Amino acid sequence: MDETSRSVHLEIRGTVAIVTIDSPPVNALSNAVRRDLKAVLDTVAGRGDLTFLVLHGARTSFVAGADIREMDLPAEAPSLPEVVQALDRLAIPTLAAITGACLGGGLEIAMACDARIATADARLGLPETTLGIVPGAGGTQRLPRLVGPRMAAEMIGSARLLTGAEARDGGLVDLLDPSPLAAALTYGLGLGKRRVSDLPCMADDSEAFAETVAALKARHRRSVAATTAIDLVVASTKVPFEEAVARERAAFLTLKDSDTARALRYAFLAERGTGAGMAKWDMASLRQVGVVGGGTMGTGIALAFGLAGVSTTVIERDDASCAAARTRFADQLAILVGKGRVTQVRSLEILGATEVSTDWQALRPCGLVVEAVYEDAAVKKEALAGIVRHITDDALVATNTSYLDLDALAGAVGTPSRFVGLHFFAPAHVMKLVEIVPAAATSRGTIEAAMAIVRRLSKTPVLSGNREGFIGNRIFDAYRRHMEYLLEDGADPDRIDGALEAYGFAMGPFAVFDLSGLDIAWAMRKRKAATRDPRERYVRIADRLCEAGDFGRKTGQGWYDYSGTERRLSARAAAVIDEERAARGIERRPFTDEEIVARALSVMANEGAALLAEGVAASVSDIDVVMISGYGFPRAKGGPMYAADRTGLSRVVDEMEAAIRAGGGVGEVAPLLRKLADTGEPLASLPRRAPSADR
Ligand code: 3HC
């Protein structure tokens, strides 16, 4: 018998039931999949002639979990717990044959089977807390019964995924096999019933467990989902299975509808939607990549490619620079090894696949060469001209620039259709965001290739129009200016940083300035001084710190003093702030956290609306992705545009008017923002369009 019309197929081979979940792209548990799977399980339960059942996923995944796209819709029966229960209750032995992603609800299904066979490179885990929820179909109760409560609390609380091999070592997987389906068919006959739900609670009163729980809860204190999930794992050691599963379900349903979970789902889909409408590019042609310039950025970019399994050739100007680049590269890699992010063996492979050379001929086999030399148009043009002399006609050429005009650089590339800007963020092998900036002559094929290449690096590409600051730095610049107005008006840097960090930012703006170096923004301000609107309020405090040689962390002092263990406002910054306030006759006034956050968010949303109107950003969600993945905006708040919709655009406009007054009346509320506020439509109603901005 073969039933193939639905998202779940049932094949009866002799006395074996083979159940295939077949719902592209990743076999997520949509309404249809749950319905079809439950129907198939009911069919199997109703037959008396079967000896065992094997469950597997079509194509490369087992099951990637609940369908995130459907989570905001009203729930349809059967629920996942009902499906899991039907599987758990089958009288015949059941095996999960696991390849690829076996995540969230997918792992909950696999754990409702009596045994699991996986490939060594399968990925298994319960990453629900990254979506602001807890596992909702028994995951917090079955996982501890298989791997022990300590490991389960750590895995679920930290959303840690295991490879098949690690899962076997931990007890989650019974057998590794490169062909799990074939292995399951072979071993199924000898298998008895071993329901995970029937396994005893592993009571754990040990001090080590209590310490692990306390440490995990402290580490994840900002995540209600994570702390709740850890408590549920603790419950698995004390409370009967059925009762604990009911608790888990109640927590799941409450959290699923929380603002945080909604924002996290939005962020998940926004990140995957940045290339919407673009054709897929065949990555097979990209075996080798060149990077010209082996500074911090160049070696970081080379390492990003190395981590993705692409061989790289880094070009430097002389032997001493090559040696320095090699050291830099090896040091960055060693840090990853130290943190356990890369194995020793893998790091040796990456080192072996990375060549650092003064010989430009070595670029010949490269399918892409990224120029990462000093941020100066003349220097970059020279590097680009050198690149095109040494590569094949079909190779792509990219510039890693954070603000230069792509059209001005494109002239140095003989065939500018193959030229594109790739704005990596430092450290390039860590930061997820890459802004993709086409010049006017860049072909669509080149843009599509760039999007695919960045995805291959497990990074998030966002298309930006070619305008100064692109998307991120343009918003960040407005944010910086307005935070400096607040500072001069009375909120000290630690007040502002504290308020924004409490909101969820990884770091407040002044801590970020110190980290990236105050001299960088200072140089930019000097460069733009001649064109600055003379009516614009200009806060001189940062300039004065730079004049005194305080560039932030790299000099040990900037806004903060880094000589102690704790962040402390620097004495010089405090004195300069007071002097500047006095010099301008500003009477210091207090600001609440809410005022500081409202100001920061409205400024970002306003600049974002301007970028949309100018065609620099293609969509509202692209802007949110830029701010989350490149600038530490809290993911749990969905990004500044998403947050503005939640606040209500009329309030955002009012706040922006106050911000403009604080800035001396210069600037305007973005007309698009005002229009939407007037009509009551959200930013989310704006359609995606192709960025078209030119300078
Ligand atoms: N639901 C809906 N769509 C999903 C999905 C999911 N759970 N997981 C992935 N997708 C979609 C993506 O949106 C993307 O769609 P697109 O091609 O139309 O843009 C496509 O699948 C491919 O995804 P990626 O671009 O992320 O591909 P990768 O190969 O890089 O990664 C993955 C694949 C590892 C499965 C990754 O997508 C992932 O981590 N997915 C989320 C897994 C997860 O969090 N599962 C838990 C869900 S919550 C749950 O199960 C609750 C339960 O306990 C009740």
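As a reminder, the structure under discussion sits directly above these lines.
Residues numbered from 1 in each chain as written. Predicted model: local features only at pLDDT ≥ 70, side-chain atom pairs only at ≥ 80, totals over all residues. Heavy atoms only, no water.

(A) Fine view of the overall build of the chain. Counting its secondary structure elements, the chain contains 28 helices and 20 strands. Its C-alpha atoms give the chain a radius of gyration of 28 Å, within 12% of the compact-globule value 26 Å for 695 residues. Overall, the chain is about 85 × 60 × 55 Å in size when its C-alpha atoms are taken along their principal axes. Put simply, the chain has 695 residues, and 56% of those count as buried. Total accessible area on the chain is roughly 28600 Å²; 54% of this is exposed by carbon and sulfur atoms. (Helix = DSSP H or I, 4+ residues; strand = E, 2+ residues; numbered from the N terminus. Rg over C-alpha atoms; globule rule 2.2 N^0.38 Å. Buried < 20%, exposed > 50% of the residue type's maximum accessible area, 1.4 Å probe, protein only. Areas by Shrake-Rupley, 256 points an atom, 1.4 Å probe, with all protein chains shown as cover.)

(B) Molecular detail of the packing of aromatic side chains. Evaluation of the coordinates by the stated rule reveals 13 aromatic pairs. Both rings, one in Phe510 and one in Phe513, keep their centres 5.3 Å apart while their planes meet at 85°; by these two values the pair is edge-to-face. With Phe510 and Phe513 both in helix 20 (residues 509-516) and 3 residues apart, the pair spans about one turn of that helix. Between the aromatic rings of Trp522 and Phe551, the centroid separation amounts to 6.3 Å while the plane-to-plane angle is 45°, which identifies the pairing as tilted. Here Trp522, found in helix 21 (residues 518-528), pairs with Phe551, found in the loop between helix 22 (541-547) and strand 19 (560-561); they are 29 residues apart in sequence, far enough to count as distant. (Phe/Tyr/Trp six-rings, centres within 6.5 Å; stacked < 30°, edge-to-face > 60°.)

(C) Expanded view of the site of the ligand. Every one of the 25 residues lining the ligand counts as a neighbour, but Ala66, Arg69, Glu108, Glu128 and Arg272 are closest to it. Ile68 is positioned with one of its backbone polar atoms (N or O) 2.9 Å from a nitrogen atom of the ligand. Here the ligand, which alone exposes 990 Å², has 71% of that area covered by the protein. At the level of elements, strand 6 (101-103), helix 3 (105-111) and helix 11 (259-272) are the ones that each hand at least two residues to the shell around the ligand. A per-class count over the shell around the ligand returns 16 nonpolar, 4 polar and 5 charged. (Near = heavy atom within 4 Å. Polar contact = N/O pair within 3.5 Å; in protein donor to acceptor, adjacent residues only side chain to side chain. Nonpolar A, V, L, I, M, F, W, Y, C, P; charged D, E, K, R; others polar.)

(D) Highlighting the side chain of Thr460. The topology assignment puts Thr460 in strand 18 (residues 460-463). Not counting the four nearest positions on each side in its chain, Thr460 is found in contact with Glu271, Thr274, Lys432, Leu433, Val434, Val454, Arg455 and Val625. (Contact = heavy atoms within 4.5 Å.)

Such coordinate-based values are descriptive only and should not be taken to indicate function.
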